[in-house]
Structure formats: structure tokens, C-alpha cells
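# Fold and contact review
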Amino acid sequence: MKKWLQFLVLITSISATSALLASGGFSDNSKQAMPAVANAKWKTECSGCHMLYHPGLLPERSWNKMMAGLDKHFGENASLDDASRDEIARFLALNSADKQDNRRSNRINQSIAAGATPLRISETRYFTSKHDEIAASTFKRKSIGSAANCVACHQAAEKGDFSESQIRIPR
Amino acid sequence: MRNAYLLLALFFSQQAVAESASSLLKKYELLAKQENAAFVGFAADKGERFFHAERLHSDGKKVSCATCHTADPRKPGKTRANKVIEAMAISVNPQRFSDEAKVEKWFGRNCKDVLERACTAQEKGDFIAYLLSIK
């Protein structure tokens, strides 16, 4: 092959690759990620003790059960006045994993047996299968605390973004 | 000139903060008098003891207000789920005790979590008096 022809092929393949990368053509992120959601009550009331968990992480029946027992919430009293509780419960139900069409929420939902109503995302089969290479001692590190503290390792967890580019396990 | 306005605004907002903690104390004082006719006032040293007092919870664990808010209220604390709690001392964190509904919500939860009962107005007032006294 002539030198100039080789050069031409190289240039076109580089520009084609970068165009593909820029357009995100290698993977379809749009249906993978959970959508942005917002509710002011939810944001203040559900982030006092831990990170804000995206409603797309659990099905509606789980949120309903959780919101009906806030006075005994994982060993703590997280009770709210009735109006705030009802507003947040409605918001969570509307945006729950079984009301959404993104790959992550669908997978979580599929990993839960029809008769089960888990209150912990960290106990769903989807979660355990994604974290089976992480030692129990890693979750117990001082900088992490427990598997429930997603945001310690997933920097964008509160936005519902768990993509691999956003993971860093603290020492 | 603009700086002067800023300073003025800052001055009044600082005033407002100190005022809201003390006006809250006034409300608890009225309640405390209803609870106990022999009420004599709030005391920072009683609040300090209350803050640190460890109690054996019926779940078998030892708890106090300091468990989450740390032994030094000027320092940030930590929840059981490992989230940072901003400092409680009003000199360090002027936002504290500026929102009555928020204060009542957390007294309601935390007193039940630690004492397994509601706090009295006396205890709430002593607690705030202690956190106001820390420089």
C-alpha cells in the first residue's frame, strides 16, 4: 500500500472512533440511568441520617411498607407528621422501581421475588450479585460503615448514577 | 456603601440567630412552669450532664446524646448510618435552634431513641442552655 493511502485510512479510522465515542455509540446510557427526580420534602426529611436513596432503587410495595413504619425504621425513630409522610410516600411510589423504565430499576425489580417486600436495597439479589467480590470487612471500614452507605463508593449515588466511572472505594 | 449594607445585614442575621434560640428558650420556660410549679430556671451545667449521661437502652446498647453528637458539641458528629452531623454548639453552627419545627421533630425522635420516652421541657431547656453557653 502507498504511504499516503495508509495515512488516509489511519486518519479516517481515528475520526470515526472519536465520533462514535462522542455520540456515546458504544453503550446506550439513556435507558441505563435512573432519571433525575426531585421533591423538597423527601430531600430534607430522608437525608438527615444517611444519603438520599433514589426512589428507583425499590418497588412501590417496599416504599409503602417503609413509610408505614417510620417510627421503627432500622432501629431508629424516623417518624414524620402525617402530611409530610403522605407527600413523600406518594413521591416514592410514583418514581419507584416498578413504575420506571430504565435498565437498572428493571433489573432490581426482577431480582425481587413477587411475594417479597425487602426494605433494604442492600439485601436484594441484584445488589448482592453486583457486590459479591467485595469483602464484608471492606463494607465495615470506618470510611464506609455498611453496605447501605452507597455514596461512600459511588460518588454520584444520590443522583441514581452507579456507573463504573463513578466508583472509588475509600481506604 | 455596599459593604456597609452587607455588614448591616450580617449583623442583623447574627442577632436573629441568637434571638431565635433564646425565644425558643422562653417558650420552653412557659412549658416548664406548667410541668412543674417549683421550676427555677434552666442551667447549662445540668444540660451538660444530660448531654453526656449514658443510659442502657432496652436493646442492650449504651446510648447518650453524645453517641451521635460526639462528646464535644463544637465538633461534627456521626449518625449510625455514618453520615456527618453538623456541630451542635450554637457558636460554631448558628443554624441550630433557629427552626422550631425542626427542633421539636428531632427532640421527639432522639429522646425516644435514647431515653425511650419524651424529654421534659426542663430537659430541653437545659440542653439548649448548655449548647448556647459553649464558646
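Our subject is the structure listed above.
This section reports on the structure supplied with the text. Computed from a predicted model, the values in this text were never measured in an experiment.

The subject of this paragraph is the overall build of chain A. Looking only at helices and strands, chain A has 7 helices and 0 strands in total. Each helix and strand of chain A, ordered N terminal to C terminal, gives the series α-α-α-α-α-α-α. Sorting the 171 residues of chain A into buried and exposed places 37% on the buried side. By sequence separation, contacts in chain A at least 24 residues apart represent 57% of the contacts at least 6 residues apart. For chain A, the accessible area works out to roughly 10600 Å², and carbon and sulfur atoms hold 57% of it.

For the rest of this paragraph, the subject is unusual backbone geometry. All names here are of chain B. With a phi close to 75 degrees, N82 is a non-glycine residue in the positive phi region. The residue N82 is located in the loop between strand 3 (77-78) and strand 4 (84-85) in this model. Of note in this structure, E116 is not a glycine but carries a positive phi near 60 degrees. Inspection of the secondary structure puts E116 in the loop between helix 4 (100-115) and helix 5 (121-133).

What follows covers the packing of helix 4 of chain B against helix 5 of chain B. Residues and elements named next belong to chain B. At a closest axis distance of 12 Å, the pairing of helix 4 and helix 5 adopts a crossing angle of 105 degrees. If you check the angle between helix 4 and helix 5, you find them roughly perpendicular. Taken together, the residues of helix 5 that come into contact with helix 4 (itself represented by E104, F107 and L115) are E123, K124, F127 and I128. Split into classes, the residues belonging to the contact of helix 4 with helix 5 amount to 4 nonpolar, no polar and 3 charged.

Taken together, the contact pairs 12 residues of chain B with 17 residues of chain A. For the pairing of chain B and chain A, the buried interface totals around 1100 Å² over both sides, and the portion due to carbon and sulfur atoms is 39%. Taken as a group, N82, K83 and R109 of chain B account for 45% of the area that chain B buries against chain A, more than any other trio of residues on that side. In this assembly, chain B and chain A are joined by 2 salt bridges. For E45 of chain A, the salt bridge goes to K105 of chain B, with nearest N and O atoms at 2.6 Å. Inspection of the chain B/chain A interface yields 9 residue pairs in polar contact (both at pLDDT 80 or more).

Moving on to helix 4 of chain B. All names here are of chain B. Taking 1.5 Å of rise per residue, the 16 residues of helix 4 would be expected to cover 22 Å, and the 21 Å separating its terminal C-alpha atoms lies within 8% of that figure. Buried within helix 4 we find V103, F107, R109, C111, D113, V114 and L115. Of the residues flanking the start of helix 4, the one acting as N-cap is D99, its side-chain oxygen 3.2 Å from the backbone nitrogen of A101.

A word on the side chain of S62 of chain A. All names here are of chain A. You can see S62 is positioned in helix 3 (residues 60-67). The exposure class of S62 is buried, given its relative accessible area of 0%. Only 2.7 Å separates the side chain of S62 from the backbone oxygen of P118, close enough to count as a polar contact. Those residues in contact with S62, other than ones at most four positions away along the chain, are T117, P118 and L119.

Turning next to the packing of aromatic side chains. Residues and elements named next belong to chain B. Within the structure shown, the criterion is met by 9 aromatic pairs over all chains. Aromatic pair F50 and F127: ring centres 6.2 Å apart, planes at 90 degrees, arrangement edge-to-face. On the criterion of sequence distance, the pair formed by F50 in helix 2 (residues 44-52) and F127 in helix 5 is long-range, its members being 77 residues apart. Exposure class is identical for F50 and F127. Each is buried. Through a chain of ring-to-ring contacts, the aromatic side chains of Y28, F50, F51, F97, F107, F127 and Y130 assemble into a single cluster.

On to the environment of N77 of chain A. Mapped onto the fold, N77 of chain A is located in the loop between helix 3 and helix 4 (82-94). Aside from chain neighbours lying at most four places away, what touches N77 of chain A is L70 and D71 of chain A together with G108, R109, K112 and D113 of chain B. A polar side-chain atom of N77 of chain A sits 2.7 Å from a polar atom in the side chain of S79 of chain A.

What follows covers the nonpolar core. One broad trend across soluble globular proteins is that nonpolar side chains are buried collectively. Among the nonpolar cores identified, the biggest contains 25 residues, and Y53, L57 and L92 of chain A are the most heavily contacted of them. Elements with a contribution of two residues or more to this core: helix 3 and helix 4 of chain A. In terms of residue count, the dominant contributor to this core is helix 4 of chain A (4 residues). Excluding residues that lie within four positions of it along the chain, L92 of chain A makes contacts with W42, P55, W63 and M67 of chain A. Listed in part, the 24 residues of the second largest apolar core include A21, F50, L115 and I128 of chain B.

Right, let's get into the environment of N95 of chain A. Residue and element names in this part refer to chain A. Following the sequence through the fold, N95 ends up in the loop between helix 4 and helix 5 (103-110). What makes N95 buried here is its relative accessible area of 17%. Separated by 37 residues in sequence, N95 and L58 place their C-alpha atoms 9.4 Å apart. Discounting residues that sit within four places of it in the chain, N95 has contacts with V37, P55, G56 and Q100.

Parameters at a glance
Residues numbered from 1 in each chain as written. Chains lettered and ligands numbered in written order. Predicted model: local features only at pLDDT ≥ 70, side-chain atom pairs only at ≥ 80, totals over all residues. Heavy atoms only, no water. Helix = DSSP H or I, 4+ residues; strand = E, 2+ residues; numbered from the N terminus. Buried < 20%, exposed > 50% of the residue type's maximum accessible area, 1.4 Å probe, protein only. Contact = heavy atoms within 4.5 Å. Areas by Shrake-Rupley, 256 points an atom, 1.4 Å probe, with all protein chains shown as cover. Axes fitted to C-alpha atoms, helices over the stretch in contact; angles between N-to-C directions. Parallel < 35°, antiparallel > 145°, perpendicular 65-115°, else oblique. Nonpolar A, V, L, I, M, F, W, Y, C, P; charged D, E, K, R; others polar. Buried area = accessible area lost by both parts, 1.4 Å probe. Salt bridge = Lys/Arg side-chain N within 4 Å of Asp/Glu carboxyl O. Polar contact = N/O pair within 3.5 Å; in protein donor to acceptor, adjacent residues only side chain to side chain. Expected span 1.5 Å × (residues − 1). Phe/Tyr/Trp six-rings, centres within 6.5 Å; stacked < 30°, edge-to-face > 60°. Core = buried A, V, L, I, M, F, W, Y, C linked by side-chain atoms within 4.5 Å.

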